[in-house]
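Below are the chains, spelled out letter by letter.
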Amino acid sequence: MADFQTPEFRQFPSVPNRLQADATKHLSPFVAKPDHQKNIGFPGELVDNWEQKAIEKMGELLSKYRSLQVYLDSCVKCGACTDKCHYFQGTSDPKNMPVARQDLLRSVYRRYYTIAGKYFPKLVGARDMTREVLDEWHSYFHQCSQCRRCSVFCPYGIDTAEISMAAREIMDSVGHGQKYCNEILGKVQTIGNNLGLPGPALEATLEEFEEEIEEDTGLPVKIPIDVKGADILLITPSADFFAEPHIDGLMGYAKVFHEAGVNWTLSSYASEAANFSMFIGSYSNLKKVAERIRKAALDLGVKRIVVGECGHAWRVAYSFWNTVAGIGSGGDDVYARELQKQLDHSYPIPQHICEFTYDLIKENKLRFNKAENDHRTVTFHDSCNVARGSRMGNYAGGQFDIPRALIKASCNNFVDMDISTIKEATYCCGGGGGLLTDDLMEIRVKGALPRMEALNDVVKSDGVTHMAAICAICKAQFAKILPYYNFPMDMILSTHQLVGEALVMKGSLQEQELDGNGDDDDS
Amino acid sequence: MSVLFALLFYAATALFIAGLAYRIGLYFKTPAPLKIPTTPAPTTQSGVLWRMAREVLFFESLFKSNKWIWLFGYLFHVGLALVLMRHLRYFTDPTWGWVEFIQPFGIYASFAMVAGLLGLWLRRVLVPRIRYISNPSDHLMLFLLVMIGVSGMMMKFVSHTDIVMVKQYMLGLMRFEIRDLPMDGPLLIHLTLVAVLMIIFPISKLLHAPGILFSPTRNQVDNPREKRHLASWAAELDK
C-alpha cells in the first residue's frame with residue numbers, strides 16, 4: 001500500500017519509552033508555490049536575508065501573543081508532556097515529544113531574545129537560525145496537528161499549538177509556507193470554499209441530495225441555498241457537499257431542520273466552515289475568512305448562525321468568531337453592533353448543529369426509531385478542537401455530553417472507548433492541523449496509532465462496529481487510514497447520519513411503516 | 001568578607017526584583033488576542049480563580065499527567081515553601097508567632113525538598129525521554145538547588161553556625177548596616193548559591209513561577225460567545 005510500515009498495535013494502553021532519533025525527519029510537506037503564497041499575502045519564495053526576517057517576525061509575534069512569550073519562558077523540562085503526543089507514540093521520534101517540538105523554536109528564541117542564550121548558547125541549548133533549522137521546522141511543525149493534548153497535561157498549560165502556529169507564521173512570512181494549507185486558503189477567499197466548488201455546481205449537488213432524501217422518506221426535504229430572509233444560516237465544512245461519510249451528516253442536518261420546521265439556508269458566498277488560517281497562525285487571514293461569513297449573514301439577513309460538524313471550524317466559530325468578526329454577543333463597538341443588532345440573542349451565537357438538535361430532543365420535538373441503528377454498535381471519537389478548544393451547551397464539558405446524547409437518542413448500542421483516550425484526553429485522528437494531505441500520509445497513519453489501539457480495544461471487547469465523529473477532518477482521515485489498520489473504511493460515520501437514519505419525520509414513509517397506513521395515531 | 005557578601009546580596013536582591021518586575025510587566029502588557037483556554041474551562045471569573053488555585057496549590061494538571069513527576073515536584077515545592085517560611089525568623093525581630101509555629105516542620109521539610117530534587121534529577125538522568133530534553137542548564141539548576149538545600153541542612157544537623165550572629169547580620173543588611181558574618185564554610189556556600197539563584201531567577205526557567213499566572217490556557221474565562229474579547233492591536237483591524 002505504501003513504502004512505510006503501519007505500526008503494530010502495542011499492549012494497550014502503554015507508554016512509549018524507546019526513542020528513534022530522526023525517525024520522521026524526512027516527512028516534510030510540499031512547500032507552497034509562489035501563487036499559493038501571494039494569494040494570501042505572503043512572499044512567493046524564500047526572501048533575501050530570510051534569517052534576519054524570521055527573527056524579526058518572531059519578535060513581532062512575541063509582542064503580540066502573550067501565550068508565545070509566556071510559554072517560551074516557562075517550560076522547566078519536567079517531562080510531563082513527553083509521552084502525550086500521538087505522533088510521538090506512533091513514530092518514537094523524540095522531536096515529536098511536545099517539549100522537544102517546542103524546543104525547535106525555543107532554542108532560536110533563546111539565542112536572540114534571552115540573556116542566557118546570547119552569552120551561553122551551549123549551556124541553555126540555544127542555536128542560530130540556519131537553513132537546517134528552517135528545514136527542521138518545516139518537517140516537525142507540520143507533524144503537529146495542534147490538537148492541544150499536551151496542553152491539558154502541562155503544569156503551566158503550555159500549548160504546543162501556539163508554538164507551532166507561530167513557527168508556521170514565521171515560515172510563511174519569509175516565503176516558506178506549506179502548500180496544502182495555503183493553496184486551500186486561497187480557494188476559500190476567492191471561491192468561497194476549500195474545494196473551489198462554485199455556486200452552480202453546489203446547487204446541482206444539493207438537488208441530488210434532496211432527491212435522495214425524498215426517495216428515502218417520501219418527504220420534500222429541502223437543502224436551500226442563498227435564501228434571503230431565512231432565519232438560520234448554516235455554515236458547514238464543504239466536505240459535507242461531496243465526501244463520504246460527510247454527505248450523510250448533511251442530509252441528517254436537513255432532516256432535523258425540516259422536522260423542526262425552521263426556515264434555513266446555506267450561502268454560496270460563504271460555503272465553508274473550515275478556516276485553515278488558524279493552522280498557520282495567521283490572524284489577518286483568520287479574520288478575512290471569518291468576515292465572509294459575517295458578510296453572508298448580513299446580506300441574507302439571518303437571525304441565527306448554526307455550524308455543521310467540523311472540529312477546528314467549531315473552535316474558530318465558538319472561540320474566535322466574536323473576536324475576529326463580531327459574530328456573537330456582547331460586542332458594543334460599531335463593528336460588532338452592525339451584525340449583533342440583527343441577530344437573535346435568545347440563542348447562542350454561533351450555535352453548533354449538535355446543540356440545535358439536542359435542544360429539540362430535550363423539548364421532545366423529535367421522534368426516533370432507534371431500531372434503525374440496531375445493526376450497529378457505535379463508539380464516539382471526541383474531535384480534539386471541539387474537546388479542548390471549545391464548548392457546547394451552557395456548562396464546561398457540554399461538548400462531551402451533547403454529541404453522546406444525540407447518539408444515545410438514535411442508537412441502542414453505544415460504548416465509550418478507554419477513558420484515557422476520550423473527552424479532554426482524546427487523541428487526535430492524526431490528520432488535523434493542516435496535515436490532511438497525501439504528501440504526509442506516513443505521519444497520518446502513524447499518528448493515528450493511539451486512536452486505532454483504543455478503537456481496537458472496544459472492537460474486541462464490545463463488538464463495536466462503527467465510530468461516529470463530528471469533524472470533517474476526522475471523517476476524511478479515518479476513511480483513509482482505517483484500512484491501514486485492517487478496519488473497513490466505512491466504519492467512520494457522521495453523528496448526524498445516525499440521527500438522520502433514526503429520525504421519524506411526520507408524514508414520512510418511516511412514520512407510516514411504524515404506525516401503520518391510514519392509522520391516525522399521532523403520539 | 002562581610003562587606004563583600006553585603007554587596008552581593010544587595011546586587012542579587014536588586015537584580016531579582018528589577019528583573020522579575022520587568023518580566024512580569026512584559027507578560028502583563030503583552031496582549032492575548034484570542035480566547036484559548038484549554039477546555040473544559042470555567043465559565044466564570046471565580047471559576048478561573050479556583051482552577052488557578054488548584055494548579056498552583058496542588059499541581060492539578062501535573063497530577064493528571066505523571067504521578068512520579070507530581071510526587072517529586074510536589075515534595076520539592078512544598079518543602080521549599082515551608083523552608084522559606086521558616087527562614088523568615090532570620091529577617092524579623094521579634095519572630096512572628098506563626099513562623100515560630102512552623103519552625104519544627106520547616107526543619108524536616110528540608111529533607112522533603114532535597115528528596116524531591118534528587119527524585120527529579122534521577123528521572124532526568126534515567127528516563128530516556130527526559131534525558132533527551134535536558135540541557136546542561138537543567139542539570140545545573142538541580143545541582144544549585146540541591147547544594148542550597150544540603151548546605152543549609154549541614155548548618156542545622158552537622159556543623160552549627162552562630163545563627164544569632166547570622167540573624168544580626170541580616171537584620172543589619174535590612175537597615176543598611178553591615179555587621180559581622182560568621183566565616184563558616186557551609187554558610188558562605190549557602191549564601192553564595194542563594195544569591196546566584198536570585199540573580200538567575202528572572203532570566204531562567206524559574207520564570208515558570210510568575211508564568212503560570214499569565215498562561216492564557218489556564219487563566220481565561222470560557223465565555224467567547226457571550227463577550228467580545230478584543231486586543232488593542234486587533235481592534236485596529238476592525239477600522
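Numbering of residues starts from 1 in each chain and follows the order in which that chain's sequence is written. Chain letters and ligand numbers both follow the written order, the letters beginning at A and the numbers at 1. Given that the model is predicted, a residue must reach a pLDDT of at least 70 before its local features are reported, and side-chain atom pairs must reach 80 or more before they are shown or counted; all residues, however, enter totals for whole chains, interfaces and linings. For the side-chain quantities, the full set of heavy atoms in the structure was used; hydrogens and water were omitted.

Undergrad: What's the story with the overall build of chain A in this structure? I'm lost.
TA: Numbering of helices and strands runs from the N terminus, with a helix taken as a DSSP run of H or I at least four residues long and a strand as a DSSP run of E at least two residues long. Helix and strand content of chain A: 24 helices and seven strands. Taking 2.2 N^0.38 as the reference for a compact globule, 523 residues should give roughly 24 Å; the C-alpha atoms of chain A span a radius of gyration of 23 Å, in line with that estimate. If you line up chain A on its principal axes, its C-alpha atoms span 85 × 55 × 40 Å. Residue burial in chain A is summarised as follows: out of 523 residues, 66% are buried. Contacts were defined at the residue level, with two residues in contact if any of their heavy atoms lie within 4.5 Å. Contacts in chain A between residues at least 24 apart in sequence constitute 79% of all its contacts with a sequence separation of at least 6. The Shrake-Rupley method, run with a 1.4 Å probe sphere, supplies the accessible areas, and residue values consider only the shown protein chains as cover. Approximately 17700 Å² of chain A is accessible, and the part contributed by carbon and sulfur atoms is 49%. Across chain A, the centroid of the 55 positively charged side chains sits 9 Å from that of the 70 negatively charged ones. Computation of the radius of gyration draws on C-alpha atoms alone. For the globule rule, the value is 2.2 Å times the number of residues to the power 0.38. Throughout this description, buried means an accessible area under 20% of the type-specific maximum (1.4 Å probe, protein chains only), exposed means over 50%, and partly exposed covers the range between. Note on charges: Lys and Arg go in the positive column, Asp and Glu in the negative column, and His and the chain ends are not counted at all. Throughout, a charge is located at the NZ atom of Lys, the CZ atom of Arg, the CG atom of Asp or the CD atom of Glu.

Undergrad: What exactly am I supposed to notice about the sheet that holds strand β7 (residues 492–494) of chain A here?
TA: The strands that make up a sheet are held in pairs by hydrogen bonds between backbone atoms, and each pair lies either parallel or antiparallel. Residue and element names in this part refer to chain A. If you trace the three strands from one edge of the open sheet to the other, you get β5-β6-β7, paired in parallel fashion. In this open sheet, the two strands that pair with only one neighbour each are β5 (378–380) and β7. The mean inter-strand angle of the sheet, taken between neighbouring strand axes irrespective of direction, is 40°. Sheet topology note: the β5/strand β6 (residues 466–469) ladder contains three bridges and is parallel. Residue Val 378 lies in a different strand from β6, and its bridge partner there is His 466. By the convention used here, strands pair only if DSSP detects at least 2 bridges between them. Convention adopted: a line fitted to C-alpha atoms gives each axis, helices being fitted over their contacting stretch, and angles between N-to-C directions are expressed from 0 to 180 degrees.

Undergrad: Help me understand the side chain of Thr 160 of chain A in this model?
TA: Within the secondary structure, Thr 160 of chain A is located in helix α10 (residues 160–173). For the purposes of these results, a polar contact is taken to be a pair of N or O atoms within 3.5 Å, where, inside protein, one atom must be able to donate a hydrogen and its partner to accept one; residues adjacent in sequence count only when each atom of the pair is a side-chain atom. At a separation of 3.1 Å, a polar atom in the side chain of Thr 160 of chain A contacts the side chain of Gln 102 of chain A.

Undergrad: Is there a simple way to think about the environment of Asp 162 of chain B in this case?
TA: All names here are of chain B. Here Asp 162 lies in the loop between α7 (136–157) and α8 (163–174). What makes Asp 162 partly exposed here is its relative accessible area of 40%. Sequence separation between Asp 162 and Lys 35 is 127 residues; the distance between their C-alpha atoms is 55 Å. Among all residues touching Asp 162, those that are not within four sequence positions of it are Pro 182 and Asp 184.

Undergrad: What should I look at first to understand the packing of helix α13 (residues 246–260) of chain A against helix α23 (residues 495–502) of chain A in this one?
TA: Each pair of packed helices can be summarised by the angle the axes make with each other and by the distance between the axes. All names here are of chain A. For the pair α13 and α23, the least separation of the axes is 7 Å and the interaxial angle reads 50°. The angle between the axes of α13 and α23 places the two elements in the oblique class. α13 and α23 meet at a crossing whose hand is left-handed. Residue-level inspection shows Asp 248, Gly 249, Gly 252, Tyr 253, Lys 255 and Val 256 of α13 in contact with α23, the latter providing His 496, Gln 497, Val 499, Gly 500 and Glu 501. Lys, Arg, Asp and Glu make up the charged group, whereas Ala, Val, Leu, Ile, Met, Phe, Trp, Tyr, Cys and Pro make up the nonpolar group; the residues left over, Gly among them, are polar. Of the residues contributing to the contact of α13 with α23, the split by class is three nonpolar, five polar and three charged. Working rule for angles: under 35 degrees goes down as roughly parallel, over 145 as roughly antiparallel, 65 to 115 as roughly perpendicular, anything else as oblique. Throughout, a crossing is termed right-handed when the near helix is turned clockwise from the far one, and left-handed when it is turned anticlockwise from it by less than a right angle.

Undergrad: I would appreciate a short explanation of the pairing of strand β1 (residues 232–235) of chain A in the present structure.
TA: Across a regular strand the side chains alternate sides, sitting on one face of the sheet and then on the other. Residue and element names in this part refer to chain A. Burial along β1 is two-sided: Ile 232 and Leu 234 facing one way and Leu 233 and Ile 235 facing the other are all buried. Bridging between β1 and strand β2 (residues 264–265) involves two bridges; their strand directions are parallel. Opposite Leu 233, over in β2, you have Thr 265 as the bridge partner. For crossovers, right-handed means that the path from the first strand over the helix to the second runs clockwise, given strands pointing away from the viewer. Handedness of the β-α-β unit built from β1, α13 and β2 comes out right-handed. Here β1 pairs with strand β3 (residues 304–307) via four bridges, running parallel. Bridge assignment links Ile 232 to a residue of β3, and that residue is Arg 304.

Undergrad: Even after reading the chapter, I still don't get helix α14 (residues 283–300) of chain A, so can you show me in this structure?
TA: Because an α-helix completes one turn every 3.6 residues, residues spaced three or four positions apart along the sequence face the same direction. All names here are of chain A. Under the convention used throughout, the expected extent of a helix is 1.5 Å for every residue step, that is, one less than its residue count. A rise of 1.5 Å per residue sets the reference length of α14, with its 18 residues, at 26 Å; its end C-alpha atoms lie 26 Å apart and thus fit the reference within 8%. The complete set of buried residues in α14 reads Tyr 283, Asn 285, Leu 286, Lys 287, Val 289, Ala 290, Arg 292, Ile 293, Arg 294, Ala 296, Ala 297 and Leu 300. Looking one or two residues past α14, Gly 301 carries a phi angle of roughly 70°, positive in sign.

Undergrad: It is not clear to me how the interface of chain B and chain A should be interpreted in this structure. Could you clarify?
TA: Interface size, as often reported, equals the accessible area lost upon joining of the parts. Each partner contributes to the interface: chain B provides 60 residues, whereas chain A provides 87 residues. Between chain B and chain A, the buried area comes to about 5800 Å², and carbon and sulfur atoms account for 56% of it. What gets called buried area is simply the loss in accessible area from a 1.4 Å probe that two parts show on being joined, summed for both. Of all residues in chain B, the largest losses of buried area upon contact with chain A belong to Arg 129, Arg 225 and Arg 228 of chain B, amounting jointly to 17% of the total for that side. Note on definitions: salt bridges are taken to be side-chain nitrogens of Lys or Arg within 4 Å of carboxyl oxygens of Asp or Glu. A salt bridge links Asp 73 of chain A to Arg 23 of chain B, with the shortest nitrogen-to-oxygen separation between them at 2.9 Å. One can count 44 residue pairs in polar contact (both at pLDDT 80 or more) joining chain B with chain A. The set of elements that each furnish at least two residues to the side of chain B that touches chain A consists of α1 (2–29), α3 (60–65), α6 (128–133), α7, α10 (208–211), α11 (216–219) and α12 (232–236) of chain B. The element that contributes the greatest number of residues to the side of chain B that touches chain A is α6 of chain B, accounting for five residues. For the side of chain B that touches chain A, a count of residues per class yields 30 nonpolar, 15 polar and 15 charged.

Undergrad: Hey, could you run me through the confidence of the model for chain B in this one?
TA: Regions with low pLDDT carry predicted coordinates that are not meant to be interpreted in detail. The quantity called pLDDT is the predictor's confidence in a given residue, expressed from 0 to 100. Residues at a pLDDT of 70 or more form 100% of chain B, whose mean pLDDT is 96. Of the two predicted TM-score estimates for the complex, the pTM is 0.95 and the ipTM is 0.96.

Undergrad: How should the sheet that holds β2 of chain A be read in this particular structure?
TA: Residue and element names in this part refer to chain A. Pairing is parallel across the open sheet formed by four strands, whose spatial order is β2-β1-β3-β4. The sheet is open, and its two borders are formed by β2 and β4 (351–352), each paired with just one other strand. Docked against the sheet, α14 engages β1, β2 and β3, running at close to 155° with respect to β1. Of the strands in this sheet, β1, β3 and β4 are in contact with helix α15 (residues 311–325), which crosses β3 at around 140°.

Undergrad: Any chance you could explain the nonpolar core here in plain terms?
TA: Buried together is how nonpolar side chains tend to be arranged in soluble globular proteins. Counting 203 residues, the largest nonpolar core has Trp 137, Trp 321, Met 452 and Leu 455 of chain A as the members making the most contacts within it. Top contributing element to this core by residue count: α15 of chain A, with nine residues. Setting aside its immediate chain neighbours within four residues, Leu 455 of chain A contacts Thr 379, Met 417, Val 464, Met 467, Leu 482, Phe 487 and Met 491 of chain A. Core analysis: the next-biggest nonpolar cluster, separate from the first, contains 15 residues, Ala 12, Leu 181, Leu 187 and Leu 191 of chain B among them. The set of buried Ala, Val, Leu, Ile, Met, Phe, Trp, Tyr and Cys residues whose side-chain atoms join them within 4.5 Å is what this entry labels a nonpolar core.

Undergrad: Would you explain the layout of surface pockets in this entry?
TA: To find the voids left in a structure, one rolls a probe of water-molecule size over its atoms. There is about 980 Å³ of room inside the second largest pocket. The way it works is a 1 Å grid over only the protein atoms, where trapped points that fit a 1.4 Å probe form a cavity and open points with protein on both sides within 12 Å along at least five of seven lines form a pocket, and then any residue with an atom within 4 Å of a point lines it. As for the second largest pocket, its lining consists of 41 residues, of which Thr 114, Ile 115 and Ala 116 of chain A together with Ile 203 and Ser 204 of chain B are closest to the centre. Grid points are joined across faces, edges and corners, and a volume is the space filled by probe spheres set on the points.

Undergrad: How should I be thinking about empty space enclosed by the protein in this particular structure?
TA: By the definition in use, this model includes four cavities of 30 Å³ or more. By volume, the largest cavity amounts to about 230 Å³. In terms of lining, the largest cavity is formed by 22 residues, of which the most central are Tyr 65, Glu 162, Met 165 and Gly 281 of chain A together with Leu 34 of chain B. Elements with a contribution of two residues or more to the lining of the largest cavity: α3 (66–74), α10 and α14 of chain A. The dominant element in the lining of the largest cavity, judged by the number of residues it contributes, is α10 of chain A, at four residues. For the lining of the largest cavity, the class distribution of residues is 14 nonpolar, five polar and three charged.

Undergrad: Looking at this model, I keep getting lost on a negative patch on the surface. Mind explaining?
TA: All names here are of chain A. Among the surface-exposed residues, Glu 203, Glu 207, Glu 208, Glu 211, Glu 212, Glu 214, Glu 215, Asp 226 and Glu 244 lie close enough to one another that they form a single negatively charged patch. Residue placement: Asp 226 occurs in the loop between α12 (199–217) and β1. Judged by its relative accessible area of 33%, Asp 226 falls in the partly exposed class. What makes a patch is a set of residues exposed beyond 30% relative accessible area and free of salt bridges, joined within 9 Å when like-charged and within 5 Å when nonpolar (Val, Leu, Ile, Met, Phe, Trp, Tyr).

Undergrad: Honestly, the pattern of salt bridges in this entry has me stumped. Any pointers?
TA: As a working rule, side chains carrying opposite charge can pair if their charged atoms are close by. Tallied over the entire structure, the rule returns 43 salt bridges over all chains. Salt-bridge contacts for Lys 64 of chain A lead to Glu 60 of chain A; the nearest nitrogen and oxygen are separated by 3.2 Å. Residue Lys 64 of chain A and its partner Glu 60 of chain A are located together in helix α2 (residues 50–64), separated by four residues, close to a single helical turn. By relative accessible area, Glu 60 of chain A is classed as partly exposed at 31%. Of the charged contacts, one joins Glu 136 of chain A and Arg 127 of chain A as a salt bridge, the two residues approaching to 2.8 Å between their closest N and O atoms. One salt-bridge network, in which partners are shared between bridges, spans Lys 287, Glu 291 and Asp 333 of chain A together with Arg 228 and Asp 238 of chain B.

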